[in-house]
Amino acid sequence: MKIGIFGAGGFGREVLPEIRAANPNADIAFVVDIVTKEDNTINGINVISLEQAINQRRHLSLAVADWRTRERISGVMEENGVAHFDMFAKSAIIYDAVDISPGAILCANSMITSNVRIGKCFHSNIYSYVAHDCVIEDYVTFAPRVCCNGNVVVGRGAYIGTGAVLKQGSSASPLMIWAGAVIGMGAVVTKKVPAGCVVVGNPARPIDRS
């Protein structure tokens, strides 16, 4: 099997060992938009261009934090018939009735509990969890140790920072994190967060941009 890890930065280098361990016979390469050096390698793995990866029909894992880049590359993949590669770490835990769309990366000690729906290219970094009855839309990023409690809806492209806590909602009134919102490191979110809003603190409040 030929696998490409799109993105050779820190997150891509963290994803590599899990992919390599689960696929010891795979041909793995880092993939970037354009290779600037010939025969470039990172951590012993060749770096190739996106064009090369497409021509080689590699399955791609999109290991870049920027959600718009993931969306762009996913579109290129769809146009060229290139499949997503799902990376589930050996220590990741997934319970019952979970629907995960293509392109997910669940890092070490991630947990998805029961009756959860997850959109395309979700990133769950180390020690993050998604509890019961949550909906995570496309291109969402959870940094390390995010605590997403039950009945939360996280909109497209939202970024949830390290150690953030999303309070549990209810089936009648889920906690809403709207599209493109950014939740700061260590924030405790108890109320809905509007689209594109940046919130920090405990309880989380919008940043004053005045």
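Residues numbered from 1 in each chain as written. Predicted model: local features only at pLDDT ≥ 70, side-chain atom pairs only at ≥ 80, totals over all residues. Heavy atoms only, no water.

(A) Structural context of the overall build of the chain. Each helix and strand counted, the chain has three helices and 24 strands in total. The globule rule puts the C-alpha radius of gyration for 210 residues at 17 Å, and the 17 Å found for the chain is close to it. In terms of overall dimensions, the chain has a C-alpha envelope of 50 × 45 × 30 Å along the principal axes. Relative to its 210 residues, the chain shows a buried fraction of 46%. In the chain, the proportion of contacts linking residues at least 24 apart, taken out of those at least 6 apart, comes to 26%. Computed over 19 positive and 18 negative side-chain charges, the separation of the two mean positions in the chain equals 7 Å. (Helix = DSSP H or I, 4+ residues; strand = E, 2+ residues; numbered from the N terminus. Rg over C-alpha atoms; globule rule 2.2 N^0.38 Å. Buried < 20%, exposed > 50% of the residue type's maximum accessible area, 1.4 Å probe, protein only. Contact = heavy atoms within 4.5 Å. Lys, Arg positive; Asp, Glu negative; His and termini not counted. Charge placed at Lys NZ, Arg CZ, Asp CG, Glu CD.)

(B) Examining unusual backbone geometry more closely. With an omega of -5 degrees, the peptide bond between Asn202 and Pro203 qualifies as cis. Secondary-structure assignment places Pro203 in the loop between strand S23 (198–200) and strand S24 (205–206). Even without being glycine, Ala97 reaches a positive phi, approximately 55 degrees. Inspection of the secondary structure assignment puts Ala97 in the loop between strand S7 (93–94) and strand S8 (98–100). Accessibility expressed as a relative area gives 54% for Ala97, which makes it exposed. Positive phi values are uncommon outside glycine, yet Arg145 reaches one of about 60 degrees. Relative to the helices and strands, Arg145 resides in the loop between strand S15 (141–142) and strand S16 (147–148). The class for Arg145 is partly exposed, based on a relative accessible area of 49%.

(C) Highlighting helix H3 (residues 67–80). Taking 1.5 Å of rise per residue, the 14 residues of H3 would be expected to cover 20 Å, and the 20 Å separating its terminal C-alpha atoms lies within 8% of that figure. Looking at the buried positions of H3, the neighbouring elements they touch are strand S1 (2–6), helix H2 (50–55), strand S5 (59–62), strand S12 (123–124) and S15. (Expected span 1.5 Å × (residues − 1).)

(D) The sheet that holds S24, seen in detail. The eight strands are arranged S6-S9-S12-S15-S18-S21-S23-S24 in an open sheet whose pairing can be described as mixed. Strands with a single pairing partner mark the edges of an open sheet, and in this sheet they are strand S6 (87–88) and S24. Relative to strand S9 (residues 105–106), S6 runs parallel, the two being bridged by two bridges. Its bridge partner being in S9, Phe88 is matched across the sheet by Leu106. (Pairing = 2+ DSSP bridges.)

(E) Looking closely at the sheet that holds strand S4 (residues 45–49). Strand order in this open sheet of five strands is S3-S4-S2-S1-S5, and the pairing throughout is mixed. In this open sheet, the two edge strands, each paired with only one partner strand, are strand S3 (41–42) and S5. One ladder, built from three bridges, connects strand S2 (residues 27–32) with S4; its direction is parallel. The partner of Phe30 across the bridge, within S4, is Val47. Along the sheet, helix H1 (residues 10–22) makes contact with S1, S2, S3, S4 and S5, crossing S2 at roughly 165 degrees. Its contacts with the sheet put H3 on S1 and S5, and the angle it makes with S5 is roughly 170 degrees. (Axes fitted to C-alpha atoms, helices over the stretch in contact; angles between N-to-C directions.)

(F) Seen up close, the side chain of Thr113. In this structure, Thr113 sits in the loop between strand S10 (111–112) and strand S11 (116–118). Residue class for Thr113 comes out buried when judged on its relative accessible area of 15%. Ignoring sequence-local partners within four residues, the contact set of Thr113 consists of Tyr95, Asp96, Val98, Val130, Ala131 and His132.

(G) Spotlight on the environment of Gly150. Note that Gly150 resides in the loop between S16 and strand S17 (152–154). Measuring from C-alpha to C-alpha, the distance between Gly150 and Asp133 comes to 5.7 Å, with 17 residues separating the pair along the chain. Apart from residues no more than four positions distant in its own chain, Gly150 is found in contact with Ala131, His132, Cys134, Gln168 and Gly169.

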